[in-house]
Amino acid sequence: MSDRPPRRQISHQGAESHRRSWKRLAFGLALCLAVLACSVTGAPPTATAAPTVTASPVPPTSASAPPTPTPLPPSPTPLPAVIQASSIERLAPSLSFAHGELVRSLAFSPDGTTLAAAVGDQAGTIQLYEAATGQPLGTLQGHESIVWGLAFSPDGRFLASAARDHTAKVWDWRAGSLVRSLDFPNEVTSVAFSPDSQIFAVGGVKEWPNAAIWMYQVDTWQPLLTLAEFWNIPAIAFSPDGTRVVGGGTSRNVRVWRTSDGDGLSTLYHSGQVSSLAISPDGSTVATGLCQTSANNECAVGAVWMWNLSTGRLIRKLADFPTIVEGVAFSPDGSLVVAVSRDGTLRAYDASGGRPLLAVAVPVAAEPVSVDALAFSADGRFIATGGAWRIDLWTVSP
């Protein structure tokens, strides 16, 4: 007997194998058709998650509207040029305000934004103005008589005032409140702060004919020193390094003291009463404004005298004024000495050599004009003059 399987059995298995092959072929063909259909219609297979795609920006076509530009903020008003020897010939009054006011003293805040003015004939009012526009900002009231002198502390915290009512007052000028009121035996006429804002000095009449400068520690307001002089003290200034204090005037003397102990260092003798003084930014020179020559009880010649602060030696006399010089100041860069006289004349000189650079008059108003006050802003961009009956702001064009 043969070992091969029967022929019929072989035929049956072959048929079954053919059927399984056709089924696999049919299933594969159906799967291919399904995949082809998905790719044509764009529908993803239901079991596959669509990937996240970040779209790239589409560049605008020629028909696209251009984007709206962002508007720029308006440009601020340009600041005037700095007043110095090279630009002084372009100095002119640019603004006039406080019409009808009698102005006795002026002071700029250290940042140059605010101008303080002692105004009024009898009532002691301090008016604050926006320096660039002359717009009133407020008033400080508390004195009962004429305010003679004003000074800001260099750190900008305080504004001080000296008045005929025998008081000096210290103000928080931003808040409009009184910080301290100091009493004296007679009228006081001048105030000043040391460069570090730690010492406060007040000058005035002690007991006629004696005068004094009283010095206080700022914040505690405790007395430090009393410096003796005569008659009255219309002007006080500290040297830039704070080591010296200079004051006097009515006695025709201006004295220099050491700040630390009050020791007298020198006396600057004048031919007439001194109304104002200033110290150069480098601390080398004192400028004093005075009546140099009198005739028939009137000042015939006004002048600015220049002194060496260290030695007390007179350097030169600038005597071009028809009447007493009421205000004198150095430009912040030290290149100029500027002075005003009561008749309304403003003059400027080269500080190093005394060469005249400018002579102008304040604008003519309906009322007779006199100039009794002068202030130079710390940034050197503004000069303010005041008297009867207005304040003028002076600038140079770019």
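Residues numbered from 1 in each chain as written. Predicted model: local features only at pLDDT ≥ 70, side-chain atom pairs only at ≥ 80, totals over all residues. Heavy atoms only, no water.

Trainee: Is there a simple way to think about the sheet that holds strand S15 (residues 244-248) in this case?
Mentor: The pairing of strands in a sheet happens through backbone hydrogen bonds and is either parallel or antiparallel. Here four strands make up an open sheet; going across it, the order is S14-S15-S16-S17 and the pairing antiparallel. Edge strands, defined here as strands with exactly one partner in the open sheet, are strand S14 (235-238) and strand S17 (264-269). Strand-to-strand twist in this sheet, taken as the mean axis angle between neighbours without regard to direction, amounts to 15 degrees. Where S15 and strand S16 (residues 253-258) come together, five bridges link them in antiparallel fashion. Of the residues in S16, the one forming a bridge with Arg244 is Arg258. (Pairing = 2+ DSSP bridges. Helix = DSSP H or I, 4+ residues; strand = E, 2+ residues; numbered from the N terminus. Axes fitted to C-alpha atoms, helices over the stretch in contact; angles between N-to-C directions.)

Trainee: Got a minute to help me understand the side chain of Thr189 in this structure?
Mentor: Of note, Thr189 is situated in strand S10 (residues 188-193). A polar side-chain atom of Thr189 sits 3.1 Å from a polar atom in the side chain of Asn232. In contact with Thr189, other than residues within four places in its own chain, are Trp148, Gly149, Ala162, Gly203, Gly204, Asn232, Ile233 and Pro234. (Polar contact = N/O pair within 3.5 Å; in protein donor to acceptor, adjacent residues only side chain to side chain. Contact = heavy atoms within 4.5 Å.)

Trainee: Can you help me understand the pattern of salt bridges in this one?
Mentor: Should the charged atoms of two oppositely charged side chains come close, the side chains can pair. Counting across every chain of the model gives ten salt bridges. With its nearest N and O atoms 2.2 Å apart, the salt bridge here joins Glu326 to Arg342. In this pair, Glu326 sits in strand S22 (residues 325-330) while Arg342 sits in the loop between strand S23 (336-341) and strand S24 (345-350), placing the two residues 16 residues apart along the sequence. By relative accessible area, which is 41% here, Arg342 ends up partly exposed. For the salt bridge of Asp372 with Arg342, the shortest nitrogen-to-oxygen distance reads 3.9 Å. Taken together, the residues span a long stretch of sequence, with Asp372 in strand S26 (residues 370-376) and Arg342 in the loop between S23 and S24 at a distance of 30 residues. Residue classification places Asp372 among the partly exposed residues on the basis of a relative accessible area of 21%. (Salt bridge = Lys/Arg side-chain N within 4 Å of Asp/Glu carboxyl O. Buried < 20%, exposed > 50% of the residue type's maximum accessible area, 1.4 Å probe, protein only.)

Trainee: Sorry if this is basic, but what is going on with the state of the cysteines here?
Mentor: Each disulfide is one covalent bond, formed between the sulfur atoms of two cysteines. According to the stated counting rule, one finds one disulfide in the structure shown. Put simply, Cys291 and Cys299 are joined by a disulfide, and their sulfur atoms are 2.4 Å apart. On the S-S bond that ties Cys291 to Cys299, the torsion sits near 115 degrees, and the link is right-handed. Of the two residues examined, Cys291 and Cys299, each falls in the buried class. (Disulfide = S-S within 2.5 Å.)

Trainee: Got a minute to help me understand the packing of aromatic side chains in this structure?
Mentor: Each aromatic ring pair is characterised by the separation of its centres together with the angle its planes make. Following the criterion strictly, the structure yields ten aromatic pairs and no others. Seen from their ring centres, Phe184 and Trp214 are 4.9 Å apart, and the 55 degrees between their planes marks the pair as tilted. Within this pair, whereas Phe184 is found in the loop between strand S9 (177-183) and S10, its partner Trp214 is found in strand S12 (residues 210-217), the two being separated by 30 residues in sequence. Like Trp214, Phe184 is buried. (Phe/Tyr/Trp six-rings, centres within 6.5 Å; stacked < 30°, edge-to-face > 60°.)

Trainee: Is there a simple way to think about the environment of Ala300 in this case?
Mentor: Of note, Ala300 is situated in strand S20 (residues 298-308). Spatially, the C-alpha atom of Ala300 lies 5.5 Å from that of Thr323, the residues being 23 residues apart in sequence. With residues up to four places along the chain from it excluded, the contact list for Ala300 reads Thr293, Ser294, Ala295, Phe321 and Pro322.

Trainee: What exactly am I supposed to notice about the pairing of S20 here?
Mentor: Every other side chain in a regular strand lies on the same face of the sheet, so the side chains alternate between the two faces. One ladder, built from ten bridges, connects strand S19 (residues 285-295) with S20; its direction is antiparallel. The partner of Cys291 across the bridge, within S20, is Gly302. Between S19 and the antiparallel strand that follows it, S20, lie two residues; Asn296 among them carries a positive phi value of about 55 degrees. Pairing analysis gives five bridges linking S20 to strand S21 (residues 314-321), with the strands arranged antiparallel. Bridged to Met306 within S21 is Arg316. The hairpin formed by S20 and S21 contains five residues between the paired strands, and Gly312 there has a positive phi angle of roughly 75 degrees.

Trainee: How should I be thinking about the side chain of Ser105 in this particular structure?
Mentor: For Ser105, the position within the fold is in strand S2 (residues 103-108). From its side chain, Ser105 meets the backbone nitrogen of Leu150 in a polar contact 3.3 Å long. When near neighbours in sequence (up to four residues on either side) are disregarded, Ser105 contacts Ala116, Ala117, Ala118, Trp148, Gly149, Leu150 and Ala373.

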